[in-house]
Amino acid sequence: AQAGDPEAAAAQYAAAIAEHPGNPGLLVNASNVFKSLGRIDQAREQLKQALAIAPDLAGGWYNLGILYQETWWLVEALEAFLRAHAIEKPRGDTELCRTLTMSIGLALQQSGQWRRSRQFLEEAAAAFPQAAADYIRLALFTWEIGRAHV
């Protein structure tokens, strides 16, 4: 396949998965290709298969949470983010752990859980470099507005 040809990449991943169905890395990568093609259901199924094989794959749970969040399945997104966070947090202060902390805070905020979201958003704001921290401060400002109307 030529670079930048997601349809050809999807076909190649399908062939590779047929040969190596137990390879979670192939399934995660195929999911990314399907997402880029707008095939969200296929992307989600590939991730679920990968996670059935490798349930401790924090990045896979994060990607699944993103897919759920982008389609407004907020309960499922939060569950996936929390699962990924539980796997990643013992590994220390990793970029994925910080990203998950922010993602949990935003998912809680989106689902109307204002008080619970604040804890995660404040933790993420303290951990991120300036640009991301500014974004999180905006989310906290939104939290203040939302709390006032709850």
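Details of the structure are given in the entry above.
Calculation criteria
Residues numbered from 1 in each chain as written. Predicted model: local features only at pLDDT ≥ 70, side-chain atom pairs only at ≥ 80, totals over all residues. Heavy atoms only, no water. Core = buried A, V, L, I, M, F, W, Y, C linked by side-chain atoms within 4.5 Å. Buried < 20%, exposed > 50% of the residue type's maximum accessible area, 1.4 Å probe, protein only. Helix = DSSP H or I, 4+ residues; strand = E, 2+ residues; numbered from the N terminus. Contact = heavy atoms within 4.5 Å. Axes fitted to C-alpha atoms, helices over the stretch in contact; angles between N-to-C directions. Parallel < 35°, antiparallel > 145°, perpendicular 65-115°, else oblique. Left-handed = near helix turned anticlockwise from the far one by under 90°. Polar contact = N/O pair within 3.5 Å; in protein donor to acceptor, adjacent residues only side chain to side chain. Expected span 1.5 Å × (residues − 1).

Taken as a class, soluble globular proteins show a tendency for nonpolar side chains to be buried jointly. One finds W61, L64, F81 and I104 to be the most contacted residues of the largest nonpolar core, which totals 31 residues. Going through the elements one at a time, α1 (6-19), α2 (24-36), α3 (40-53), α4 (58-70), α5 (74-88) and α6 (95-110) are the ones with two or more residues in this core. Each residue touching I104, except ones within four places of it in the same chain, is listed here: L78, F81, L82, H85 and F120. If you look at the next biggest cluster of nonpolar residues, it comprises five residues, including M102, L106, L121 and F128.

As a further point, take unusual backbone geometry. Although it is not a glycine, W72 sits at a positive phi angle of roughly 65°. Here W72 is to be found in the loop between α4 and α5. W72 sits in the exposed class, given a relative accessible area of 57%.

Attention now goes to the environment of L106. Examined against the element boundaries, L106 turns out to sit in helix α6. The exposure class of L106 is buried, given its relative accessible area of 16%. Along the chain, L106 and L121 lie 15 residues apart, while their C-alpha atoms are 7.4 Å from each other.

The next subject is the packing of α6 against helix α7 (residues 114-127). As a packed pair, α6 and α7 sit with axes 8 Å apart at the nearest point and diverge in direction by 150°. Regarding the angle of α6 to α7, the classification is roughly antiparallel. Considering how the two elements wind past one another, α6 and α7 form a crossing that is left-handed. Taking contact as the criterion, the partners of R98, T101, M102, I104, G105, L106, L108 and Q109 in α6 are, on α7, W114, R116, S117, F120, L121, E123, A124 and A127.

Turning our attention to the side chain of H85. Relative to the helices and strands, H85 is located in helix α5. Classification of H85 as buried rests on a relative accessible area of 9%. Here the side chain of H85 touches T101 through a polar contact of 3.2 Å, side chain to side chain. When neighbours within four sequence positions are excluded, H85 is seen to be in contact with P90, C97, L100, T101 and I104.

A few words on α5. In a regular helix each residue adds 1.5 Å, so 15 residues correspond to 21 Å; α5 covers 21 Å between its end C-alpha atoms and thus fits that length. Turning to α5, its buried residues are L74, A77, L78, A80, F81, A84, H85, I87 and E88. For α5, the secondary structure elements touched by its buried residues are α4, α6 and α7.

What follows concerns the environment of A77. With respect to the helices and strands, the residue A77 is situated in helix α5. Its relative accessible area of 0% is what places A77 among the buried residues. Excluding residues within four positions of it along the chain, A77 makes contact with G65, Y68 and Q69.

Moving on: the side chain of T99. Mapped onto the elements, T99 comes out in helix α6. Residue T99 is classed as buried on the basis of its relative accessible area of 15%. In contact with T99, other than residues within four places in its own chain, are Y62 and F128.

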